[in-house]
Amino acid sequence: MQFLIDLLTKLGFGGTFISGAVFATVVILFIFRYPEKFEKWLSIIARLISKVWGGASYFAIKHDLQSKINSFVKNININTTANFPGVSIKWSGRDNEELIWEEGKIVLVMRDRNNQSKNFVHAAYFFTSEVLLRKSKKHLSRTQKLSIDLFATQKILEKESSNLVEQFIKDYFSPEVEKSDDLKNFIKQYISVDKVGIFFPILVQELSYLGNKIFLDKPNAEIIEEVKSLINFLESFSKRNVGDMQTQDTFTGKYMRSAIKIVASKNARERGDINPHKERVGECLKNGFENVYMIGSGRFLNKIFMNKVLDAIKSDHPEVENVKTYNFKGLIYQNSIPKKVDTYLVHLRNSEAVRYILNTKDLDPQKAC
Amino acid sequence: MLDENKEQINTVHENDLASILLKLGLKEKIEKKEVKCKFCKTEISFENIYSFLPESGSVNIICDNPSCIMELMKYLSEKDKTKSEA
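A. Structural detail: the overall build of chain A. Scanning chain A from N- to C-terminus turns up 14 helices and 9 strands. The principal-axis extents of the C-alpha atoms in chain A amount to approximately 65 × 65 × 40 Å. Long-range pairs, those at least 24 residues apart, make up 70% of the contacts in chain A between residues at least 6 apart in sequence.

Shown next, in the form of structure tokens:
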């Protein structure tokens, strides 16, 4: 960019023009790269204008809520392979326009600029409850659904402000949690799973896949039990100590079939021996597991080793797709002492094993791996 | 994020509440304290409306008490579940 500016200056083009062009280019690039941040800035400017002109309040509220919620959605979409929808705020009944309200669809009341927090809490909770994982929630129990809504709303709010979280916990979270031990237990489990870094990339991901399936014979109770088992499995996995070979690393479900395989054995890595890991993962793929998650240290040498395992698996199983890789700070336990470490997660999808329309009677008993 | 991958949230601004309630034929009733929250049966005022829910040809109002908001979400998801099972 500097080279271009120097060249244009030497050619005799005015500095003002160039500065303006550079500024405009930077702004355009910023808008494309960070639309939510741009929207947030617009809402701040509109909020200031709304102090002298009330009409700007509509713009400020709309873009404030959209930017905050959509920035959270963008983050979940980065942390899963799903494509969760964002939100668009639509004003109704403005300037005496005709009211066209759809049967059964709620219309939220937004308060003026002095109630931004209240507006955001209301919109965030509405979003998690009515939009996020909507298709999957049809398969969940009331408590499972409520626990995910509460936990996800708290995650949206904590990104913005701790005061909002406190308010939400006081008004919504605590009264519900105090009423139900089951709800309390689910929340405790999500906290453990989230600390390890697999709440969104594995739990929310698996629930999202579940929502895309159609069950012809509606085995609701069985699915609810299976979701409970998946959460128990992830919680127990999240609490395992480094080197623990006893804790189960495969979730064998009838409706959701996934396995988590740890690829971090120091001895195998130092020997450069990828075969044991390749065979463990290959066994899952042969046995019809839809998703296999390989997890290990995010340190440079371990990542190289994991990528070698991945290449070998893909060569043996061309049907398998490496849908996403994640790098994040996850928690591990060494002799029960928690430690934050760089973590590498690879999500493999076995396209040959995936079925979208299911009749329980046609499902083969799941083999372990 | 592309526009087509967005869910619409229908909202009304509190500045428009009076005219909307007038159109719905509820303004006078609210002033006379005759409208109650769908769930807790508290009197509805201009200050405590959380949302409108159009159902069976009429419009229900839900107050901004957090327990009523929770109740509304449970009510909507049950309805959604029943609809998908039908």
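B. Geometry of the environment of A:Arg142. All names here are of chain A. By secondary structure assignment, the location of Arg142 is in helix H7 (residues 142–160). Judged by the 16 C-beta atoms lying within 10 Å of it, Arg142 falls in the partly exposed class. When the C-alpha positions of Arg142 and Ile224 are compared, they lie 9.8 Å apart, and in sequence the two are 82 residues distant.

C. Focus on the interface of chain A and chain B. The partner chain B presents 37 residues to the 47 residues of chain A that form the contact. When residues of the side of chain A that touches chain B are traced back to their parent elements, those giving at least two are helix H4 (56–78), strand E1 (86–91), strand E2 (107–110), helix H5 (116–130), H7 and helix H8 (162–179) of chain A. Partitioned by chemical class, the residues of the side of chain A that touches chain B number 19 nonpolar, 11 polar and 17 charged.

D. Examining the sheet that holds strand E8 (residues 337–350) of chain A more closely. Residue and element names in this part refer to chain A. Ordered in space as E4-E5-E6-E8-E7, the 5 strands form an open sheet in which the pairing is mixed. Looking at strand neighbours, the two that pair on one side only are strand E4 (250–252) and strand E7 (320–334), the edges of this open sheet. The sheet shows a mean angle of 20 degrees between the axes of neighbouring strands, taken without regard to direction. Of the pairings in the sheet, the one linking E7 to E8 comprises 14 bridges and is antiparallel in character. Pairing of Lys324 across the sheet is with His347, part of E8.

E. Geometry of the packing of helix H13 (residues 275–286) of chain A against helix H14 (residues 300–316) of chain A. Residue and element names in this part refer to chain A. Two elements in contact, H13 and H14, have axes separated by 9 Å at closest approach and are oriented at 45 degrees. Considering the angle they form, H13 stands oblique to H14. In the crossing of H13 with H14, the sense of the turn from one axis to the other is right-handed. Contacts between H13 and H14 involve His277, Lys278, Val281 and Gly282 from the former and Val309, Ala312, Ile313 and Asp316 from the latter. Its residues placed into classes, the contact of H13 with H14 shows 4 nonpolar, 2 polar and 2 charged.

F. Looking closely at the nonpolar core. Residues and elements named next belong to chain A. Judged by nonpolar contacts, the single largest core of 103 residues is most densely connected at Ile69, Ala123, Ala124, Leu203, Leu234, Val292 and Met294. Ranked by residue count, the leading element in this core is helix H10 (residues 199–211), at 8 residues. Mapping this core onto the domain boundaries places at least three of its residues in each of domain 1 (34–92 + 104–178) and domain 2 (220–226 + 238–362). In this structure, Leu203 is in contact with Val193, Ile198, Ile231 and Leu234, ignoring residues within four places of it in sequence.

How each quantity is defined
Note on numbering: residues in each chain are counted from 1, in written sequence order. Whichever chain is written first is A, and whichever ligand is written first is 1; the rest continue in order. Only residues with pLDDT of at least 70 get local features here, since the model is predicted, and only at 80 or more are side-chain atom pairs given and counted; chain-wide, interface and lining totals rely on the full set of residues. To qualify as a helix, a DSSP run of H or I must reach at least 4 residues; to qualify as a strand, a run of E must reach at least 2; elements of each kind are numbered from the N terminus. Distance between backbone-placed C-beta atoms decides contact: two residues are in contact if it is within 7 Å. Residues with at least 20 other C-beta atoms within 10 Å of their own are called buried, those with 12 or fewer are called exposed, and the rest are partly exposed. The C-beta atoms themselves are positioned from the backbone. Any residue that is not Ala, Val, Leu, Ile, Met, Phe, Trp, Tyr, Cys, Pro, Asp, Glu, Lys or Arg is counted as polar, Gly included; the first ten are nonpolar and the last four charged. By definition, two strands form a pair when at least two bridges between them are found by DSSP. As a rule, the C-alpha atoms of each element are fitted with a line to give its axis, helices using only the stretch in contact, and angles between N-to-C directions run from 0 to 180 degrees. Each angle gets one of four labels, with under 35 degrees taken as roughly parallel, over 145 as roughly antiparallel, 65 to 115 as roughly perpendicular, and the rest as oblique. Left-handed describes a crossing in which the near helix is turned anticlockwise from the far one by less than a right angle; the clockwise case is right-handed. A set of buried residues drawn from Ala, Val, Leu, Ile, Met, Phe, Trp, Tyr and Cys, joined through C-beta atoms within 7 Å, is what defines a nonpolar core. Where a domain begins and ends is set by an automatic assignment or by a domain database.

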